[in-house]
Amino acid sequence: MSVPPDRCDAAIVGAGPAGSVLARELALRGRSVVLIERATFPRRKVCGACLSGHAVRELTAAGLGGLLEQRGAIPQTGFRLGVEARGRAPRAAFVETVGGFALSRSRLDAALADAAVAAGAVALFGTGASVGADRTLTLKGEHAGTLRAGAVVVACGLSGAGAVLSRDRERASVPGRDRSGALPDDRGSESLKSDVRPGSRVGAGCELEPGAFDADFFAPGTIHMAVAAGGYVGATVTEGGELNLAGAYDLGFLKESGGPGPASAAIFEAAGFPVAEGMAAADWTGTPPLTRTAGAVAADGVFLVGDAAGYVEPFTGEGMGWALASARAAADPIDAFLQGDPAAEARWRRAYRRWIGRRKGWCRAVAVAARTPLAATVAAAALNRAPMLARPLVRHLAG
């Protein structure tokens, strides 16, 4: 559609996995849905490019289980851990895994957005949005104009609600990096703002072309994770043969190293992984701080899903599983809100804490352990001697 509508049931800002799956779910229920995305697709996204068994189960439950095979996703059957051991040779361990796949975000996100459009959603790419009073959106870019929505969904990732919620009573747009999260009439939506946890690491990622890395070491089907004092970097071969790199770094270490490229190369070397030629000078993309908490995930007809609803360092690779789960779980409360149910927002807040928060506890515990080189070294040594120790986590990730 070349001209966007001026009204819809649900306006969803952000066409990542959470936004697109939710758009599809609501469209299948007969709702008019507009999916708004600032970028144009396909686009690169900082991400480990791995879908855990939990994420695959969520896709299947949404009726999209065949998408992975259609798009050439690579089954993941192993996890290789390399850990810096100060003063000694790096520790290493290998664990067999089940149920996961690797697929580039450029291909996955495009496929999910296509599925939303096929279900009846209207997609507006190259379009920014800010949300003012009474859930009226100001659109900028390729589809400039205004849009009045019955419900607004913020699914724009780590930037959170503050990236799109206007503070001005005149509904003026606010800078994209404003994270105040307050709605213009001050009805309590300050609680939607995203608070960064002290000491949160920042993320960065890039892709290395085939032939630019050690293909014997970085074989398809295995997730490689290098852990050192300053952070950790994951590496996975995706469907096109590229090596996808994504890491989380202490901000001080990142500055001392001169950027994510040199920092990642240093982490690989410390963990005993081969450093690819040109890795330090590759085209890296950064992220805001990773670990953050949104107080409420619904208020005044605005619902948060995916990373916008809170995020934890993704050491266990569960980020997309959380996004897909939150999208599917939010469909019922949002549909009920559109039917006039006054308890719908509270129901989503409870559901999010119950279904998503519990899984994030696992990831938070593992990520904390990964911050301590001694703990990671001990874990690697223990896994070498007794691989069955990883079974609880493997079962958890398998869904």
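Higher on the page you've got the structure.
Residues numbered from 1 in each chain as written. Predicted model: local features only at pLDDT ≥ 70, side-chain atom pairs only at ≥ 80, totals over all residues. Heavy atoms only, no water.

Q: Please give an account of the pattern of salt bridges that cites residues and values.
A: Per the stated rule, a full pass over the model turns up 11 salt bridges. Asp332 is the partner of Arg29 in a salt bridge, and the nearest nitrogen-oxygen pair spans 2.6 Å. Of this pair, Arg29 sits in the loop between helix H1 (17-28) and strand S2 (33-37) while Asp332 sits in helix H7 (residues 319-338), and the two are 303 residues apart along the sequence. Judged by relative accessible area, Arg29 falls into the partly exposed class, the value being 36%. Across the pair Asp283 and Arg44 runs a salt bridge whose closest N-O atoms are separated by 3.7 Å. With Asp283 in the loop between helix H6 (260-271) and strand S15 (285-289) and Arg44 in the loop between S2 and strand S3 (50-51), the pair connects residues that are 239 residues apart, well separated along the chain. If you follow the salt bridges from partner to partner, you end up with Asp9, Arg31 and Asp335 in one network. (Salt bridge = Lys/Arg side-chain N within 4 Å of Asp/Glu carboxyl O. Helix = DSSP H or I, 4+ residues; strand = E, 2+ residues; numbered from the N terminus. Buried < 20%, exposed > 50% of the residue type's maximum accessible area, 1.4 Å probe, protein only.)

Q: Which residues make up the sheet that holds strand S14 (residues 243-249), and what values do they have?
A: The 8 strands lie next to each other as S3-S5-S4-S12-S13-S14-S11-S15, forming an open sheet whose pairing is mixed. With one partner strand each, in any of the chains shown, S3 and S15 form the two edges of the open sheet. Strand direction decides the pairing type here: strand S11 (residues 202-208) and S15, joined by 3 bridges, are antiparallel. Counterpart to Gly205 in the pairing with S15 is Thr285. With respect to the sheet, H6 is in contact with strand S4 (74-83), S11, strand S12 (222-228), strand S13 (231-237) and S14, its orientation differing from that of S12 by roughly 95°. (Pairing = 2+ DSSP bridges. Contact = heavy atoms within 4.5 Å. Axes fitted to C-alpha atoms, helices over the stretch in contact; angles between N-to-C directions.)

In short, geometric facts, not functional conclusions.
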